[in-house]
Amino acid sequence: MSVVTNTTTIGAIELPSRRNTELLLLAFAVVIPIFAYANVGLAIHNELPPGMFAYGAGFAVLAGIAHFVVRRYAKYADPLLLPLATLLNGLGVVLIWRLDQSERLQNLAKRSFGAFSPSAPNQMLYTALAIALFAAVLLILKDHRVLQRFTYISMAGALVLLILPVVPGLGADVFGAKIWISVGGFSIQPGEFAKIVIAIFFAGYLMVKRDALALASRRFMGLYLPRGRDLGPILMIWAMSLLVLVFENDLGTSLLFFGMFVIMLYVATERTSWIVIGLLMSVGGAVVVASFASHVQARVNAWLDPFGCYTTSGACEQVGQSIMSFGSGGVLGAGWGQGNSDLIGFAANSDFIFSTVGEELGLSGVMAFLLIYGLIIERGVRTALAARDPFGKLFAIGLSGAFALQIFVVAGGVMGLIPLTGMTMPFLASGGSSVLANWILIAVLIRISDTARRPAPAPAPSPDSEMTQVVRPS
Amino acid sequence: MSELTLTVMRLGFLAVLWLFVIVAVQVIRSDLFGTRVTQRGSSRRGGAGGAPQQGGRQAAPPQQRQRRGAPTKLVVSEGILTGTTVALAGQTITLGRAHDSTIVLDDDYASSRHARIYPDRDGQWIVEDLGSTNGTYLDRTRLTTPTPIPPGAPIRIGKTVIELRK
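Residues numbered from 1 in each chain as written. Chains lettered and ligands numbered in written order. Predicted model: local features only at pLDDT ≥ 70, side-chain atom pairs only at ≥ 80, totals over all residues.

### Quick look at the overall build of chain B
When its secondary structure is counted, chain B shows two helices and 11 strands. Each helix and strand of chain B, ordered N terminal to C terminal, gives the series α-α-β-β-β-β-β-β-β-β-β-β-β. Put simply, chain B has 166 residues, and 34% of those count as buried. Summarising the internal contacts of chain B: among those between residues at least 6 apart in sequence, 39% fall at separations of at least 24. (Helix = DSSP H or I, 4+ residues; strand = E, 2+ residues; numbered from the N terminus. Buried ≥ 20, exposed ≤ 12 C-beta atoms within 10 Å, placed from the backbone. Contact = placed C-beta atoms within 7 Å.)

Structure representation (structure tokens):
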């Protein structure tokens, strides 16, 4: 017991920063996609794919940069978020490259657009950009609490981002959904970024109004019913999400925003009544909109009877095709490059990319992917629990809630659990906006978790101890 | 490419993917915000010779300079931040509504710089009210001077109650 008496070493005892764990997992997360890439090449072309080591090295360098930035600027951050996101992004690129190799898809593109252009190089490019953005967020955002100042600005910003796609001349109508804007040859999906911006507003707003929303209520049938005037904000968000649904034909975005608000409201107030009210409102809104918007109606019909679509000419076979590809995958899957999920044709590498996972990796692969997503969400919620400031708590829960909702809505849609909504699987699906926005989301979560896990700052020199030092003879 | 090779690769890939998931879950298991430190403290008391337990994945435990039975964490037991814990690592912990506080209290009864908790030179934790409007209470008494915190005593600030625990 002699060690206990040593009182002379005074220095901050550091909590484990766990950066080495992160590096190890990150190396693992880089090797797995390279393995997958080699596997696809061997299965389709009978040879190792071209430039395997160059691409692998490039991917490793990107991951290394991200790790270095985290090590340098967010030392105490959660060790899992970065490797999990890296793995998903890497496998996403491989999935997209695998679908690029499909002759069916190449012919389809040539018939419809006159030329085929592979998506994997673009996705690689956007991944590199996204890592740069990730680093920039960690470098610039030293403390997430700064964002609290922009509560109402971010509300305005999010509204602008949501409205942009319907602005004539700027918005682009792609296959019925107006969720794109085209700027200088690039098409951007502003909704993906609005997701993060609006989380700032919800967190800042609910932090201030929480008490009014939680305490001023009447008890009725075991539920706390809020006062009429406190219903204002939820009604406004509801109306806004319905407007998005009606004017942009975008079920996914509308569901995401309303669901995120209800989740954050529940976390802020601890009142179950908000969940009940939110569910009733979204069901009511969905029923009303479905009764007159044909776009939504078609989606619901395809969901209720996915195989009936083959007999009618509704151009709605995708859900049925997707379900079949999950089915033909079985438990262990057909193997990389050996499935026929490219039969889905249109949007096979964006909205329906998860069907390729289902067919080629099988149920076990799908479960592994969902667990990886689940781990990201779990780390986000854990960050929220550990955060020491209410704004950070709500912000982290809002971001992870939005992420969770998005996974549920996309995976549920392609598996036929809920009507298809046309959102993108984070990190997997082809599309620049989605990759960029989700890496920003991960960067913000890493920043919040760094603040939450960082040991308390060094003590300010107290006047007493200094006096003692002056008096002590040396 | 032969059927056998492809089958082996297919199963191999699934195995590697699941191995990653399992390793990630293992990381979470051992990443429970410093509770491991608490376990060591208590197991050491029973053992003789001061031989530290093995398990070098974590950083060195703070047992060298901590008094025996000294609290290792601060737990918020009532109020909005209920359940939040902060590891006590020999540093000052500030409480208040100011955004740069260690624990940010979102409470109408808290001042922006309400109180601080710090160790004195013997490692005893002291709570000091920083001239708050509504006061800091240790048990039931309002603090006027920096006061040592007895183990398990609740410190009340507005609607928030915190405790130091081992």
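### Observations concerning the sheet that holds strand 6 (residues 125–129) of chain B
All names here are of chain B. In spatial order, the strands read 4-3-5-6-9; together these five strands make up an open sheet with mixed pairing. Each edge of the open sheet is held by one strand with a lone partner, namely strand 4 (103–104) and strand 9 (147–148). As paired elements, strand 3 (residues 93–96) and strand 5 (residues 115–119) share three bridges and run antiparallel to each other. Counterpart to L95 in the pairing with strand 5 is A115. (Pairing = 2+ DSSP bridges.)

### Section: the UniProt feature "domain: FHA" (unreviewed entry) in chain B
The UniProt feature table records "domain: FHA" (unreviewed entry) at residues 93–143 of chain B. The span residues 93–143 of chain B carries 0% helix and 39% strand; its end-to-end C-alpha distance comes to 17 Å. (UniProt positions renumbered as here; feature names shortened; annotations may be inferred.)

### A few points about helix 7 (residues 190–215) of chain A
Helix length check: helix 7 of chain A (26 residues) gives 36 Å between terminal C-alpha atoms against 38 Å at 1.5 Å per residue, within 8%. When the local axis directions of helix 7 of chain A are compared, the greatest deviation, roughly 60°, occurs at A:K209. (Expected span 1.5 Å × (residues − 1). Bend = angle between axes of the 7 residues up to and from the residue.)

### Side note on helix 11 (residues 294–304) of chain A
Residues and elements named next belong to chain A. Of the positions making up helix 11, those classed as buried are V296, R299 and A302. All buried residues of helix 11 project into a common sector of 125° when viewed along the axis, lining one side. Of the exposed residues in helix 11, those oriented more than 90 degrees away from the buried face are S294 and L304. Check the buried side of helix 11 and you find it contacts helix 9 (251–269), helix 10 (272–292) and helix 12 (318–329). (Arc of directions from axis to C-beta.)

### Considering the packing of helix 9 of chain A against helix 15 (residues 390–415) of chain A
When two helices pack together, their arrangement is given by the angle between their axes and by how far apart the axes lie. All names here are of chain A. Following both chains from N to C, one finds helix 9 and helix 15 inclined at 140°, their axes separated by 9 Å at the closest point. As judged from the angle between their axes, helix 9 and helix 15 are oblique. Crossing of helix 9 against helix 15: the hand is right-handed. Here G252, L255, L256, G259, M260, I263, M264, V267 and A268 of helix 9 lie close against helix 15, whose contacting residues are L394, I397, G398, G401, A402, L405, Q406 and V409. Grouping the amino acids of the contact of helix 9 with helix 15 by side-chain chemistry returns 12 nonpolar, five polar and no charged. (Axes fitted to C-alpha atoms, helices over the stretch in contact; angles between N-to-C directions. Parallel < 35°, antiparallel > 145°, perpendicular 65-115°, else oblique. Left-handed = near helix turned anticlockwise from the far one by under 90°. Nonpolar A, V, L, I, M, F, W, Y, C, P; charged D, E, K, R; others polar.)

### What about the confidence of the model for chain A?
All names here are of chain A. Residue-level pLDDT values for chain A average 83, and 87% of them are 70 or greater. The spread of mean pLDDT over the elements of chain A runs between helix 17 (residues 463–471), the lowest at 51, and helix 3 (residues 81–100), the highest at 94. In the model, residues 1–13 has pLDDT below 50 throughout and makes 20 contacts with residues more than four positions away in sequence or in other chains. (pLDDT = per-residue confidence, 0-100.)

### Things to note about the environment of B:T133
Among the structural elements, B:T133 can be located in the loop between strand 6 and strand 7 (137–138). Counting along the chain gives 126 residues from B:T133 to B:T7, while the straight-line C-alpha distance between them is 72 Å.

### What about unusual backbone geometry?
The bulk of non-glycine residues show a negative phi, and the bulk of peptide bonds are trans. In the Ramachandran plot, A:N46 falls in the positive-phi region, its phi being about 65° despite a non-glycine side chain. Relative to the elements of secondary structure, A:N46 occurs in the loop between helix 1 (19–45) and helix 2 (52–73). Assessed through the 9 C-beta atoms surrounding it within 10 Å, A:N46 is described here as exposed. The phi dihedral of B:D139 falls on the positive side, at around 55°, and the residue is not glycine. Looking at where B:D139 falls in the secondary structure, it is placed in the loop between strand 7 and strand 8 (141–142). The exposure class of B:D139 is exposed, given the 9 C-beta atoms found within 10 Å.

### A short note on the sheet that holds strand 10 (residues 155–157) of chain B
Residue and element names in this part refer to chain B. What the six strands build is an open sheet, ordered 2-1-11-10-7-8; its pairing is antiparallel. This sheet does not close on itself; its edge strands, each paired only once, are strand 2 (85–87) and strand 8. The pairing of strand 10 with strand 11 (residues 160–165) spans three bridges and is classified as antiparallel. Of the residues in strand 11, the one forming a bridge with I155 is I162.

### Focus on the packing of helix 7 of chain A against helix 16 (residues 432–453) of chain A
Residue and element names in this part refer to chain A. Where helix 7 meets helix 16, the closest approach of the two axes is 8 Å, and the angle between their N-to-C directions is 15°. Considering their axes alone, helix 7 and helix 16 lie roughly parallel with respect to each other. Taken as a pair, helix 7 and helix 16 cross one another with a handedness that is left-handed. Taking contact as the criterion, the partners of E192, F193, K195 and I196 in helix 7 are, on helix 16, S433, S434, A437, I440, L441 and V444. Taken together, the residues of the contact of helix 7 with helix 16 break down into six nonpolar, two polar and two charged.

### As for the pairing of strand 1 (residues 73–78) of chain B
Residue and element names in this part refer to chain B. In this sheet, strand 2 lies alongside strand 1 in antiparallel orientation, the contact comprising three bridges. Pairing of L74 across the sheet is with V86, part of strand 2. Linkage of strand 1 to strand 2, two consecutive antiparallel strands, is achieved through a turn of six residues, within which G79 is found at a positive phi near 105°. Two elements, strand 1 and strand 11, share five bridges in a ladder whose sense is antiparallel. Its bridge partner lying in strand 11, L74 is registered against L164.

### Details of the environment of A:L133
Residues and elements named next belong to chain A. Positionally, L133 belongs in helix 5 (residues 120–140). On the basis of neighbour count, L133 is assigned to the partly exposed category, with 17 C-beta atoms found within 10 Å. With 307 residues separating them in the primary sequence, L133 and I440 have C-alpha atoms 6.8 Å apart. Beyond its immediate chain neighbours, meaning those up to four positions away, L133 contacts L436, W439 and I440.

### Observations regarding the environment of A:W180
With respect to the helices, strands and loops of the structure, A:W180 is situated in strand 2 (residues 177–183). Note: C-alpha distance between A:W180 and A:G191 (11 residues apart in sequence) is 8.4 Å.

### Regarding the confidence of the model for chain B
Residues and elements named next belong to chain B. Residue-level pLDDT values for chain B average 76, and 75% of them are 70 or greater. Note that pLDDT drops below 50 for residues 33–65; the model gives that stretch 39 contacts with residues more than four away or on any other chain. At the level of chain-chain contacts, confidence expressed as ipTM amounts to 0.85, with global pTM at 0.79.

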